Amino acid sequence: PKVYDCGEQLEEVMRQADTPAQRFSTRGQKTLYVAHGHRVIEYGWSRKRDGWVPHWDVVTLGAGGLDAMDVVKNRLLLFRTQDERTPGSGSSVELVSLDSGEPCGVWELPPALMGAGCAEENG
């Protein structure tokens, strides 16, 4: 699989990845978080290998689809339109620590709100 940087018009290889990215988010220029199947993996840029290399599995996603993800500071935000952990399997946002991979919480979102997801620092 490859990542295409629209701003720089570059195609970059994801090393050791055997499935395409379903969702991804960046943390600066050298860290990439990628949803593959039922997990999110942190990748770092390697000049030596001329591509993105996996560092660690941040979180297992479990059942249900992932609609969007974003990164703010040291938190990964996972947005879902259906989440069994919420009343009536409604939409949710989950925060995961990027320092430890530990969950910080899951919150149900109003039904009319979900269409896509992103986070704004100090917002």
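## Re the side chain of Thr 31
If you trace the backbone, Thr 31 turns up in strand β4 (residues 31–36). Owing to a relative accessible area of 19%, Thr 31 belongs among the buried residues under this scheme. Beyond its immediate stretch of four places on either side in the chain, Thr 31 contacts Ser 25, Thr 26, Glu 42, Tyr 43 and Trp 52.

## What to know about the packing of aromatic side chains
Going through the model one piece at a time under the given rule, you end up with one aromatic pair. Taking 5.4 Å as the distance between ring centres and 75° as the angle between the ring planes, the aromatic pair formed by Trp 45 and Trp 52 counts as edge-to-face. On the accessibility criterion, Trp 45 (26% relative accessible area) is partly exposed.

## Some remarks on the pattern of salt bridges
The final tally for this structure, using the stated rule, is five salt bridges. Between Glu 94 and Arg 85 there is a salt bridge, with its nearest N and O atoms 3.1 Å apart. Judged by its relative accessible area of 46%, Arg 85 falls in the partly exposed class. Here the residues in one salt-bridge network are Arg 80, Asp 83, Arg 85 and Glu 94, joined through shared partners.

About the thresholds
- Residues numbered from 1 in each chain as written.
- Predicted model: local features only at pLDDT ≥ 70, side-chain atom pairs only at ≥ 80, totals over all residues.
- Heavy atoms only, no water.
- Helix = DSSP H or I, 4+ residues; strand = E, 2+ residues; numbered from the N terminus.
- Buried < 20%, exposed > 50% of the residue type's maximum accessible area, 1.4 Å probe, protein only.
- Contact = heavy atoms within 4.5 Å.
- Phe/Tyr/Trp six-rings, centres within 6.5 Å; stacked < 30°, edge-to-face > 60°.
- Salt bridge = Lys/Arg side-chain N within 4 Å of Asp/Glu carboxyl O.

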